[in-house]
Amino acid sequence: MTLDLDPRHTARLTISCPDRKGIVAAVSQFLHNHGANIIHSDQHSTDPQGGQFFMRMEFHLDGLDLAKEQFERAFGQVVAEPFEMNWRVWYTAQPKRMGIMVSKYDHCFLDLLVRKRRGELDVEIPLVISNHDALRGDAEMFGVPFAQVKVTKETKAEAEQEQIRLFHEAGVDFVVLARYMQILSGELLRGLRVPVINIHHSFLPAFVGANPYRAAFQRGVKLVGATAHYVTEELDAGPIIEQDVARVTHRETPDTLMRLGRDVERQVLARAVKAHVEDRVLVSGNKTVVF
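Every chain's residues receive numbers from 1 upward, in the order its sequence appears when written. With the structure being a predicted model, the display of local features is reserved for residues of pLDDT at least 70 and the display and counting of side-chain atom pairs for 80 or more, all residues being used for whole-chain, interface and lining totals. Side-chain descriptors were evaluated using all non-hydrogen atoms of the structure, hydrogens and water having been removed beforehand.

**Focus on the overall build of the chain**
Argument step 1. The numbering of helices and of strands both runs from the N terminus, where a helix is a DSSP run of H or I of at least 4 residues and a strand a run of E of at least 2. Helix and strand content of the chain: 8 helices and 13 strands.
Argument step 2. The globule rule used here is 2.2 Å times the number of residues to the 0.38 power, and the radius of gyration it is set against is calculated over C-alpha atoms. Rg of the C-alpha trace for the chain: 21 Å, near the compact-globule value of 19 Å for 291 residues, within the 12% margin.
Argument step 3. By its C-alpha atoms, the chain is 60 × 45 × 40 Å across when sized along the principal axes.
Argument step 4. Taking contacts inside the chain between residues at least 6 apart in sequence as the whole, the part at least 24 apart equals 67%.
Argument step 5. Calculation of accessible area relied on Shrake-Rupley with a 1.4 Å probe; when residues are assessed, cover is drawn exclusively from the protein chains displayed. Only carbon and sulfur atoms are counted for the fraction: they give 49% of the accessible area of the chain, which is about 15100 Å².
Argument step 6. On the chain, the mean spot of the 35 positive side-chain charges and the mean spot of the 38 negative ones are 6 Å from each other. Pairs of residues are marked as contacts when any of their non-hydrogen atoms sit within 4.5 Å. As used throughout, the charge tally considers Lys and Arg to be positive and Asp and Glu to be negative, leaving His and the chain termini uncounted. Each charge is placed at NZ for Lys, CZ for Arg, CG for Asp and CD for Glu.

Here is the structure:
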């Protein structure tokens, strides 16, 4: 006889802490003692002697003998505190709420909407914010709320406060910059209080400016690529989540380089968002561990 376990009735536990003996045993024993069934487990140590330890564990809640609040309180006291853990539990029955910021480029934006509709991304999208109105119709076609917040040099501070207010009202868990062509200030990042994921072509910093693909064409590049990373106050220097490249030849034009680059951008951003949604990314300083 096999148990008919609900795949949505699971939780994901992520942990980072100083490495020492007994961490895996303590976590596993605690879950076993309270009736949880571990179904996936990944771990990494930067150095067994004084390094940092990272773990992602997924387990079924069927059979758990504690309510969620009791479970988290007990885990914190019995396991997390003695091992000095930074930890979090996410229950998969509750999809993460993804806010999106976009300008006029639609390739990453539409890709996320399609993947969400197909069930490839287990998220809710309560709000899209744009500094232009060009993509309102696309958002409405997918049934996604859309708000335009115009941004000028003179009104940037006020616009960012409005963006913070709108995202707080929408209750977002994280924000994706799907080619949002504005630099986010430290005040905005601190005000949002949620992770922000950005995508950019990997020509940075070599090819900056309004037309990096033409600059790359003039240099005769043989690779185009993209980088997805968490946003920090230091421009395009946040912890990297995902990267990829595509080979190109001398036959390419600036237009074909752009098309190939946008294909890579779509794929890289989708993989980064999926990894974040599934709690596979643990940040360690300016780096990430991605399970």
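From this point, the narrative continues.
**Examining the UniProt feature "domain: ACT" (unreviewed entry) in the chain**
Argument step 1. UniProt positions are given in the numbering used here, feature names are shortened, and annotations may be inferred rather than shown by experiment. Mapped onto this numbering, the UniProt entry annotates "domain: ACT" (unreviewed entry) at residues 12-87.
Argument step 2. As a span, residues 12-87 carries 32% helix and 36% strand, and end to end its C-alpha atoms are 10 Å apart.

**Here's the deal with unusual backbone geometry**
Argument step 1. With a phi angle near 60°, Arg-193 is a residue other than glycine that sits in the positive phi range.
Argument step 2. Residue position: Arg-193 is located in the loop between α6 (186-192) and β9 (196-201).
Argument step 3. We note that Asp-279 has phi near 55°; this positive angle belongs to a residue other than glycine.
Argument step 4. Tracing the chain through its elements places Asp-279 in the loop between α8 (254-277) and β12 (281-284).

**Examining the nonpolar core**
Argument step 1. Definition of nonpolar core: a set of buried residues of the types Ala, Val, Leu, Ile, Met, Phe, Trp, Tyr and Cys, connected through side-chain atoms within 4.5 Å. Working definition: with a 1.4 Å probe on protein chains only, accessible area under 20% of the residue-type maximum means buried, over 50% means exposed, and in between means partly exposed. Counting 33 residues, the largest nonpolar core has Phe-109, Leu-269 and Val-273 as the members making the most contacts within it.
Argument step 2. Only β5 (96-102), α3 (107-117), β6 (123-130), β8 (174-177), β9, β10 (223-230) and α8 provide two or more residues apiece to this core.
Argument step 3. In terms of residue count, the dominant contributor to this core is α8 (7 residues).
Argument step 4. Those residues in contact with Leu-269, other than ones at most four positions away along the chain, are Cys-108, Leu-112, Val-176, Ala-178, Ile-197 and Ile-199.
Argument step 5. Counting 24 residues, the second-largest nonpolar core is a separate cluster that includes Val-27, Leu-31, Met-57 and Val-79.

**Re the packing of α3 against α8**
Between two packed helices, the angle of one axis relative to the other and the distance separating the axes together describe the packing.
Argument step 1. All axes are obtained by fitting lines to C-alpha atoms, using only the stretch in contact for helices, and the reported angles, taken between N-to-C directions, cover 0 to 180 degrees. At their nearest, the axes of α3 and α8 sit 9 Å apart, and the two run at 45° to each other. When the axes of α3 and α8 are compared, the pair comes out oblique. In this structure, α3 crosses over α8, and the sense of that crossing is right-handed. Across the interface between the two elements, His-107, Cys-108, Asp-111, Leu-112 and Arg-115 of α3 pack against Arg-262, Glu-265, Arg-266, Leu-269, Ala-270 and Val-273 of α8. Orientation is classified from the angle alone, with under 35 degrees giving roughly parallel, over 145 giving roughly antiparallel, 65 to 115 giving roughly perpendicular, and any other angle giving oblique. Two helices that cross are described as forming a left-handed crossing if the nearer one is turned anticlockwise from the farther one by less than a right angle, and a right-handed crossing if clockwise.

**Overview of helix α7 (residues 212-219)**
Argument step 1. Of the positions making up α7, those classed as buried are Pro-212, Tyr-213 and Ala-216. All buried residues of α7 project into a common sector of 95° when viewed along the axis, lining one side.
Argument step 2. Lining the buried residues of α7 we find β9 and α8.
Argument step 3. Downstream of α7 by a residue or two, Gly-220 has a phi angle that is positive, lying close to 70°. Arc, as used here, means the arc of the directions from the helix axis to the C-beta atoms.

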